[in-house]
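Residue-level structure breakdown
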Amino acid sequence: SLVVASTRADGETQRANMSHLRVLRFLRLLRVLRLLRLMHFIGELNMIISSVSQSLRSLCWTGLLLAMMMYIVGVMFTQITVGYKLGMYEDPTDAGMARLSMHWGSLARSILSLYAAILGGID
């Protein structure tokens, strides 16, 4: 059996078993490809798959645009926060300043805060 043969210390047996596994993996791939060929005959499913694959380009551009907007707004909020911290002379250890720095103190934190706001806010 395959399990018994793989427990042997013999190197040739292990290499032979690995080639058997590769053949099985290849046969599984052929089975999937055969199913893809059968989908050609199912018109509705083919139309759905075609629509999804054609909309992926728009989805990628939308994601890129969203990332660019989050970056630009994150830079703006970070600059405003740093400018506020530099111009604050009374009490720089204020609790509000700590919270402001926690969410908007760096560019990475600003982008993370914007992402959390898009997904539903910070609890």
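That block above? That's the structure.
Everything quoted here is computed from the prediction, not taken from an experiment.

**Some remarks on the side chain of Ser 110**
With respect to the helices, strands and loops of the structure, Ser 110 is situated in helix H5 (residues 107-119). Look at Ser 110 and you get buried, because its relative accessible area is 0%. At a separation of 2.6 Å, a polar atom in the side chain of Ser 110 contacts the side chain of Thr 78. Apart from the residues within four sequence positions on either side, Ser 110 is in contact with Gly 74, Thr 78, His 103 and Trp 104.

**Digging into the side chain of Thr 78**
Note on placement: Thr 78 falls in helix H3 (residues 43-87). In terms of polar contacts, Thr 78 uses its side chain to reach the backbone carbonyl oxygen of Ser 106, at 3.4 Å. Discounting residues that sit within four places of it in the chain, Thr 78 has contacts with Trp 104, Gly 105, Ser 106, Leu 107 and Ser 110.

**Thoughts on H3**
With 45 residues, H3 extends 66 Å between its outermost C-alpha atoms, agreeing within 8% with the 66 Å of an ideal straight helix rising 1.5 Å per residue. Here H3 has its buried residues at Met 70, Gly 74, Thr 78 and Thr 81. Each element contacted by the buried residues of H3 is listed here: helix H4 (95-104) and H5.

**Remarks on the packing of aromatic side chains**
Taken as a whole and assessed by the stated rule, the structure comprises 1 aromatic pair. Judged by centre distance (4.8 Å) and plane angle (70 degrees), the ring pair of Phe 77 and Trp 104 falls under edge-to-face. Within this pair, whereas Phe 77 is found in helix H3, its partner Trp 104 is found in helix H4, the two being separated by 27 residues in sequence. Of the residues examined, Phe 77 reaches a relative accessible area of 29% and is grouped as partly exposed.

**Here's the deal with a positive patch on the surface**
Together, Arg 22, Arg 25, Arg 28, Arg 31, Arg 34 and Arg 37 make up a region of like positive charge exposed at the surface. By the secondary structure assignment, Arg 25 is in helix H2 (residues 11-39). A relative accessible area of 54% means that Arg 25 is categorised as exposed.

**Some details on the environment of Tyr 84**
Structurally, the position occupied by Tyr 84 is in helix H3. On a C-alpha basis, the gap between Tyr 84 and Met 97 in space is 9.2 Å, while along the polypeptide they are 13 residues apart. When sequence neighbours within four positions are dropped, the list of residues in contact with Tyr 84 reads Met 97 and Leu 100.

What counts and how
Residues numbered from 1 in each chain as written. Predicted model: local features only at pLDDT ≥ 70, side-chain atom pairs only at ≥ 80, totals over all residues. Heavy atoms only, no water. Helix = DSSP H or I, 4+ residues; strand = E, 2+ residues; numbered from the N terminus. Buried < 20%, exposed > 50% of the residue type's maximum accessible area, 1.4 Å probe, protein only. Polar contact = N/O pair within 3.5 Å; in protein donor to acceptor, adjacent residues only side chain to side chain. Contact = heavy atoms within 4.5 Å. Expected span 1.5 Å × (residues − 1). Phe/Tyr/Trp six-rings, centres within 6.5 Å; stacked < 30°, edge-to-face > 60°. Patch = residues over 30% accessible without salt bridge, like charges linked within 9 Å, V, L, I, M, F, W, Y side chains within 5 Å. Areas by Shrake-Rupley, 256 points an atom, 1.4 Å probe, with all protein chains shown as cover. Salt bridge = Lys/Arg side-chain N within 4 Å of Asp/Glu carboxyl O. Lys, Arg positive; Asp, Glu negative; His and termini not counted. Charge placed at Lys NZ, Arg CZ, Asp CG, Glu CD.

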